[in-house]
Amino acid sequence: MKETPNNPKLILEETKTVKFFISLFYIFFFSYDIFHYYIVPIYTKEGMIGLEKNGLGFWFHTAIIGLLPIALYFIKKGNPYIVKYIFLFSFAFIETVNSLVIYFGSNKPYGSGNIVELLFVFFSPIFVNKKYFWIAALTMIGKYAIIGGILQDTNVVIPIITFSVLSVIAYFLLTRFTSYIDSLTSVHLELRKKEKLAVIGQMAAGIGHEIRNPLSSLKGFTQLQQERYPNTNDFYPIMIQEIDRINSIVNDLMYLGKPKEIKFVKANIEEIIAYTLSITQQQAEKQGVTIKTMMEGPLPPLDCDSHQLKQVFINLLKNAIESMPEGGTIKVNVNVLEGRKMSIFIDDEGYGIDEENILNLGEPFFTTKRDGTGLGLMVTNQIIKDHKGNMKIESKLEKGTKVTLVLPIIQK
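Residues numbered from 1 in each chain as written. Predicted model: local features only at pLDDT ≥ 70, side-chain atom pairs only at ≥ 80, totals over all residues. Heavy atoms only, no water.

Quick look at the overall build of the protein now. On a plain count of helices and strands, the protein comes out with twelve helices and seven strands. Buried residues in the protein amount to 41% of all 412 residues. The contacts in the protein between residues at least 6 apart in sequence include a share of 72% that link residues at least 24 apart. Surface exposure of the protein reaches about 24200 Å², of which carbon and sulfur atoms provide 60%. (Helix = DSSP H or I, 4+ residues; strand = E, 2+ residues; numbered from the N terminus. Buried < 20%, exposed > 50% of the residue type's maximum accessible area, 1.4 Å probe, protein only. Contact = heavy atoms within 4.5 Å. Areas by Shrake-Rupley, 256 points an atom, 1.4 Å probe, with all protein chains shown as cover.)

What follows deals with the packing of aromatic side chains. With the rule as written, the count across this model stands at 27 aromatic pairs. Look at Phe21 and Phe25: their rings are 6.3 Å apart centre to centre, the planes differ by 35 degrees, and that puts the pair in the tilted class. Highlighted residues: Phe21 and Phe25, both in helix α1 (residues 8-44), separated by four residues, approximately one helical turn. Here the two residues Phe21 and Phe25 agree in accessibility, since each one is buried. When the ring centre of Tyr132 is taken as origin, the NZ or CZ atom of Lys84, which lies over that ring, is 5.7 Å away. (Phe/Tyr/Trp six-rings, centres within 6.5 Å; stacked < 30°, edge-to-face > 60°. Lys NZ or Arg CZ within 6 Å of the ring centre and 35° of its normal.)

For the pair helix α4 (residues 83-103) and helix α6 (residues 130-151), interaxial distance at closest approach is 10 Å and the crossing angle is 10 degrees. Classified by the interaxial angle, the pair formed by α4 and α6 is roughly parallel. Contacts between α4 and α6 pair Lys84, Tyr85, Leu88, Phe89, Ala92, Glu95, Thr96, Ser99, Leu100 and Tyr103 from the former with Lys131, Tyr132, Ile135, Ala136, Thr139, Met140, Lys143, Ile147, Ile150 and Leu151 from the latter. The class makeup of the residues in the contact of α4 with α6 is 13 nonpolar, three polar and four charged. (Axes fitted to C-alpha atoms, helices over the stretch in contact; angles between N-to-C directions. Parallel < 35°, antiparallel > 145°, perpendicular 65-115°, else oblique. Nonpolar A, V, L, I, M, F, W, Y, C, P; charged D, E, K, R; others polar.)

Among the nonpolar cores identified, the biggest contains 41 residues, and Phe21, Ile22, Phe25, Ile64, Phe87, Phe120 and Tyr132 are the most heavily contacted of them. Counting only elements with at least two residues in this core, the list comes to α1, α2 (58-65), α3 (67-76), α4, α5 (116-122), α6 and α7 (157-228). Here the element with the most residues in this core is α4; it accounts for ten residues. Not counting the four nearest positions on each side in its chain, Ile22 is found in contact with Leu68, Ala71, Ile75, Val83 and Phe87. Judged by nonpolar contacts, the second largest core, of 38 residues, contains Leu316, Ile330, Val332 and Val403. (Core = buried A, V, L, I, M, F, W, Y, C linked by side-chain atoms within 4.5 Å.)

Opposite charge on two side chains allows them to pair when their charged atoms are near. Evaluation of the coordinates by the stated rule reveals five salt bridges. Notably, a salt bridge pairs Lys16 with Glu13, separated by 3.9 Å at the nearest N-O pair. You can see Lys16 and its partner Glu13 sitting in helix α1, three residues apart, about one turn around the helix. A residue is classified by how much of its surface remains accessible, and Glu13, at 37% relative accessible area, is partly exposed. The residue Glu117 makes a salt bridge to Lys143 at a minimum N-O spacing of 3.0 Å. Pair noted here: Glu117 is in helix α5 and Lys143 is in helix α6, with a separation of 26 residues, a long-range link. Accessibility classification places Glu117 together with Lys143 in one group, the buried group. (Salt bridge = Lys/Arg side-chain N within 4 Å of Asp/Glu carboxyl O.)

In spatial order, the strands read β2-β4-β5-β7-β6; together these five strands make up an open sheet with mixed pairing. The open sheet terminates on both sides in strands that have one partner only, identified here as β2 (289-295) and β6 (390-396). Each neighbouring strand pair of the sheet contributes to a mean axis angle of 15 degrees, computed without reference to strand direction. Here strand β5 (residues 341-347) runs beside strand β7 (residues 400-408); their pairing, made up of seven bridges, is antiparallel. In the sheet register, Phe345 faces β7, and the bridge partner there is Thr404. Along the sheet face, helix α10 (residues 306-322) touches β2, β4 (328-337), β5 and β7 and points at about 170 degrees away from the line of β7. On the sheet, helix α12 (residues 376-386) packs against β6 and β7 and is oriented at approximately 140 degrees with respect to β6. (Pairing = 2+ DSSP bridges.)

Right, here's the structure in full:
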């Protein structure tokens, strides 16, 4: 479990897990000592009944019980993450000291330890924390290695092997837990994304047409007024431009709201790109942007909806142009991969995108542009998915952005 103290849900889950761990710890610890020091001597009639006299004795158990109020203090303070480390390191230290006091300088073969030590390793996957797992496994193995080195006793080999085997088993369990949680998280995020798209689709179906009708009338009257009084108002071009921007947003919403039934027909990718270049050329020239295209070899026809692909390239080229207010070069490269797929990349020299924002690109209403809506790239991504292709975005701040599209040549 990722240790993020500011996340209330994770704190609650960690608290539950820690409390369960503490309960098991004391149950295992005292049950083992009662069985080992009081029950076994009665039936075997070997050794003294009671705690080991040569070790820390009463103080050993007092120190272990003293960990409980410390744990409760940190849980109450909202930091349960540290509790498992406190128990791990404290128990390992106290147990090591107790063993050395008992066996150092004596001829008795080493035979200490407590079954609760197995809990640290075998229970660690429940915390879903690989860092804690490795620390717990290495601490337990290291504890016996240190004791064996100091006492020069080979009896520690069996515990070391036991913990090594248990660590391997626990690691596989932890890997499965982590994989399962990652899958659930991925499904949850996908469902949230689909819910957002569903809301947008409903909104588009409900009000899209109603917005378009008055927009058309408003644009028509504005253009008429501009033609009648061309020298009286400088705001007409701005009004028309903003009306077109609203209409563009409505078009994006309408695409998300209507069914994704695509009629695939053969189309020439050169013609599609040539059309989009003619649309964006004027904007590029105003900003001093040069667009260079490179078509590698004879390109086969593409099974696609040419109108939708034109929308894709217009959106991507506009994004590239807008990212270079001081001019630059955009490279558009098209080539065929293994005769089955077509790769198109658009590479600009703009201001780029922060790495942490790249993962959010394509999310509804997420945008890095000041006047953006976040719908254009979302629609672009959806069209590429509908064409059974994929889109990849790579970017570096102040270096530029590269968008790579891969589309199947023949749809199945």
